[in-house]
Amino acid sequence: MSFSENLRRARKTKGLSQEELAALLGVSRQAVSKWEQGTVYPETEKLKTISNNLNVSLDYLLDNEKVENESWYGKKS
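Residues numbered from 1 in each chain as written. Predicted model: local features only at pLDDT ≥ 70, side-chain atom pairs only at ≥ 80, totals over all residues. Heavy atoms only, no water.

## Details of the nonpolar core
By size, the foremost hydrophobic cluster in this structure holds 16 residues, and its most contacted members are Leu7, Leu21, Trp35, Ile50 and Leu54. Excluding residues within four positions of it along the chain, Trp35 makes contact with Phe3, Ser4, Leu7, Leu25, Val27, Val40, Tyr41, Pro42 and Ile50. (Core = buried A, V, L, I, M, F, W, Y, C linked by side-chain atoms within 4.5 Å. Buried < 20%, exposed > 50% of the residue type's maximum accessible area, 1.4 Å probe, protein only. Contact = heavy atoms within 4.5 Å.)

Okay, structure coming up:
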């Protein structure tokens, strides 16, 4: 899975709209939309904030491979 797919999935799992996530991150809804479309990527500093707000690891967000065992999804070590 790509970053954009992982972000969209984590956001939806958390029950947030693009607008709600944008408000939590201090960005526009359009920014979140572009991240989820894969047209642009967030700044490096935003990745940790995204990870914290969605309660997923950076590895999960950035992993381009399909996770075989997603039992760790949503957990932090």
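Alright, that's what it looks like, and here's the rest.
## Focus on the pattern of salt bridges
Taken as a whole and judged by the stated rule, the model has two salt bridges. Here Glu36 makes a salt bridge to Arg8, at a shortest N to O gap of 4.0 Å. Here Glu36, found in helix H3 (residues 29-37), pairs with Arg8, found in helix H1 (residues 3-13); they are 28 residues apart in sequence, far enough to count as distant. Glu36 gets classed as buried once you look at its relative accessible area, which sits at 3%. Of the charged contacts, one joins Glu36 and Arg11 as a salt bridge, the two residues approaching to 2.5 Å between their closest N and O atoms. (Salt bridge = Lys/Arg side-chain N within 4 Å of Asp/Glu carboxyl O. Helix = DSSP H or I, 4+ residues; strand = E, 2+ residues; numbered from the N terminus.)

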